[in-house]
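# Close look at the chain arrangement
These are the residues of each chain, in order.
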Amino acid sequence: MSSKAQPDVTIRIATSEDGPACGQICYDAFSTISAAHGFPCDLPGPEVAIGLLSMMFSTPGFYAVVAESDSRIVGSNVLAEQAVIHGVGPITIDPKLQNAGVGRKLMQAVMDRANQKGAAGIRLVQAAFHNRSLSLYASLGFDIREPLSCMQGQTRERSIPGCIVRSAKPVDEVACNALSRQVHGFDRGAELAQAIWEGTARVVERGDRVTGYTTNLGFFGHSTAETNIDMQALLASVESFAGPGILVPSRNSALLRWCMANGLRIVQPMTLMSTGLYNEPAGTWLPSIVF
Ligand SMILES: CC(C)(COP(=O)(O)OP(=O)(O)OC[C@H]1O[C@@H](n2cnc3c(N)ncnc32)[C@H](O)[C@@H]1OP(=O)(O)O)[C@@H](O)C(=O)NCCC(=O)NCCS
């Protein structure tokens, strides 16, 4: 049981009008917990959180819920439903009301939704220093799958011999989705198509074949490749990584060491967790902050 008396809480679907209140709570929750542990906040300011949540609350492919207590919004949660695996986050609770059961209710709401929609599994990425979120997700059935290192900087090597990196085009979708199915057992075609449309997606070619792709090199993009060489070519192709950084699976020692030897710095440790279907990836990959 939570240490505080449990407040009366109602969960309802989020609307775009909830964006400002939820975005402010999102920023307050992340900045408070990060500062308490001496880490930089994932979000530069409340306006970024408000923009992010307002977008998620009004875009098809996201299922968003808010928690209300005494007719006041006290937290929110989002389920990304674009792939057969659904992803959770951001979930944030007003710091004054944390550890009183609100987060558990918001997690249960999106897990129920994913089950109703027949998702093969649910995944999320958690700040490894945060005892409370780790405990909450583990008690809800999420397994720890991968320690991650959030990394930022610019690689000293600016290209990899034999690899060509270029912007992804709609014609690349078939090869990229096939690669994702080969590595992960499922594709993320909707996210890829969106990223190609937005102009952030890239592919790497080796021997006239697509051997890797990224939707965006940064916090909100995922990347999948046949080998570390292909991933290194993608990483070397950009000036910097969007947001706090890329998420490197820490057990991929060769890639982690290559990143550090190339001048990238570890910003913070994170953890990928999952329920339901999970295949050990058969290739090189970087998850997004969602999964
Ligand atoms: C993480 C967060 C969403 C959880 O929501 P919450 O309302 O505070 O959490 P809840 O009270 O519903 O659940 C916390 C659970 O962890 C347990 N817990 C907390 N600290 C613990 C610890 N050190 N060891 C073991 N269990 C612990 C609590 O007892 C509770 O379990 P219970 O329901 O069985 O009593 C919220 O604290 C938050 O917004 N944090 C800041 C932002 C953030 O980190 N978001 C998550 C991003 S991945």
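Residues numbered from 1 in each chain as written. Predicted model: local features only at pLDDT ≥ 70, side-chain atom pairs only at ≥ 80, totals over all residues. Heavy atoms only, no water.

The bulk of non-glycine residues show a negative phi, and the bulk of peptide bonds are trans. Along the chain, G89 connects to P90 via a cis peptide bond; the corresponding omega equals 0°. Checked against the element boundaries, P90 lands in the loop between β4 (85-88) and β5 (92-93). Notably, N99 is not glycine yet its phi reads approximately 65°, a positive angle. Along the polypeptide, N99 turns up in the loop between β5 and α3 (102-116). In this model, D208 sits at a positive phi of 65°, which is unusual for a non-glycine residue. Within the secondary structure, D208 is located in the loop between β9 (202-206) and β10 (209-214). (Helix = DSSP H or I, 4+ residues; strand = E, 2+ residues; numbered from the N terminus.)

Right, let's talk about the pairing of strand β6 (residues 121-127) for a bit. The buried fraction of β6 is high, at seven of seven residues. Side chains G121, R123, V125 and A127 project from β6 onto one buried face, and the interleaved I122, L124 and Q126 project onto a second face that is buried too. Across three bridges, the pairing between β4 and β6 is parallel. The partner of H86 across the bridge, within β6, is I122. Where β6 and strand β13 (residues 265-276) come together, seven bridges link them in antiparallel fashion. Residue A127 lies in a different strand from β13, and its bridge partner there is M270. (Buried < 20%, exposed > 50% of the residue type's maximum accessible area, 1.4 Å probe, protein only. Pairing = 2+ DSSP bridges.)

The next point concerns the pattern of salt bridges. Throughout the structure, instances matching the rule amount to 16 salt bridges. For K96, the salt bridge is made with D94, and the minimal N-O distance between the two is 3.5 Å. A relative accessible area of 65% means that K96 is categorised as exposed. For E239, the salt bridge goes to R158, with nearest N and O atoms at 3.7 Å. Of this pair, E239 sits in the loop between α7 (228-236) and β12 (246-249) while R158 sits in the loop between β7 (143-152) and β8 (163-167), placing them 81 residues apart in sequence. Taking relative accessible area as the criterion, E239 reaches 56% and is therefore assigned exposed. (Salt bridge = Lys/Arg side-chain N within 4 Å of Asp/Glu carboxyl O.)

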